[in-house]
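Examining the three-dimensional arrangement
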Amino acid sequence: MLSTTQIEKRFGEAGDWSNFVKIELPYPMRIAWDLKKSISIMWCHKDAAKPFLSVFNSLLEKYGYCRLQELGIDLYGGCVNVRKMRGGSDWSRHSWGIALDLDPSRNTLRTKYKNAQFSKPEYDVMMDIFYENGFINLGREKGYDAMHFELM
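The structure presented is a predicted model; accordingly, all values stated were derived computationally and were not measured.

1. Details of the pairing of strand S3 (residues 75-78)
By the bridge criterion, two bridges tie strand S1 (residues 20-31) to S3 in an arrangement that is parallel. Within S3, the residue paired with Ile31 across the bridge is Tyr76. Judged from the two bridges that link them, S3 and strand S4 (residues 99-102) form a sheet pairing that is antiparallel. Bridging across to S4, Gly78 finds its partner in Asp101.

2. Points about the environment of Ser119
Mapped onto the secondary structure, Ser119 falls in the loop between S4 and helix H4 (124-132). Distance in space between the C-alpha atoms of Ser119 and Ile73 is 13 Å, their sequence separation being 46 residues. If we skip the residues at most four places from it in the chain, Ser119 touches Tyr113 and Lys114. A polar contact is formed between the side chain of Ser119 and the backbone oxygen of Lys114, at a distance of 3.4 Å.

3. Describing the sheet that holds strand S2 (residues 34-45)
Strand pairing in a sheet takes place through backbone hydrogen bonds and is either antiparallel or parallel in direction. The strand order across the open sheet built from six strands is S2-S1-S3-S4-S6-S5, with neighbouring strands paired in mixed fashion. Of all strands in the sheet, those bounded by a partner on one side alone are S2 and strand S5 (135-137). Strand-to-strand twist across the sheet, computed as the mean angle between neighbouring axes with direction ignored, equals 30°. Bridging between S4 and strand S6 (residues 148-151) involves three bridges; their strand directions are antiparallel. The residue bridging Asp101 from the neighbouring strand is His148, located in S6. On top of the sheet, helix H2 (residues 49-63) reaches S1, S2, S4, S5 and S6; it is set at about 20° to S1, its chief contact.

4. A look at the pattern of salt bridges
Pairing is possible between side chains that carry opposite charge, provided their charged atoms lie close to one another. All chains considered together, the criterion is met by six salt bridges. One salt bridge in this structure joins Glu70 and Arg67, with 3.1 Å as the shortest N-O distance. Taken as a pair, Glu70 and Arg67 lie in helix H3 (residues 65-71) at a separation of three residues, close to a single helical turn. Ionic pairing is found between Arg93 and Glu150, a salt bridge with its closest N-O pair at 3.8 Å. In this pair, Arg93 sits in the loop between S3 and S4 while Glu150 sits in strand S6, placing the two residues 57 residues apart along the sequence. No difference in accessibility class separates Arg93 from Glu150, as the two residues are buried.

Scoring rules and cut-offs
- Residues numbered from 1 in each chain as written.
- Predicted model: local features only at pLDDT ≥ 70, side-chain atom pairs only at ≥ 80, totals over all residues.
- Heavy atoms only, no water.
- Pairing = 2+ DSSP bridges.
- Helix = DSSP H or I, 4+ residues; strand = E, 2+ residues; numbered from the N terminus.
- Contact = heavy atoms within 4.5 Å.
- Polar contact = N/O pair within 3.5 Å; in protein donor to acceptor, adjacent residues only side chain to side chain.
- Axes fitted to C-alpha atoms, helices over the stretch in contact; angles between N-to-C directions.
- Salt bridge = Lys/Arg side-chain N within 4 Å of Asp/Glu carboxyl O.
- Buried < 20%, exposed > 50% of the residue type's maximum accessible area, 1.4 Å probe, protein only.

Following this line, the structure appears as structure tokens:
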């Protein structure tokens, strides 16, 4: 995983809106905390736009939209959010728009990875797609916070 210094060198200053772009999503994503609402665009770091779009297009191709919904892969928990890490003094990776949270209610920050929804075999393809596009998953890497995918 990259240190904050490495992230700043690669992606610039945390929260610098001149580095953020809007991308059009290839499928609507439901807002995790309000399932009646969905988004069709997402803000992210300009250097993360292509990797995110590649991930989303590959997910749609491999799973299909109905299966994405069944599995909760379309449950958007957030990307750009300029803030400090929970319980810490360092900037969250969301502050650069290089991190994405999916299905946060079944893959919570404190849930051990073995108990998280995303640890199940039906999500292996999803995990592979993220890793193939330069992302890591904190659940796999640290054993908790399986909702969190971060560009390296």
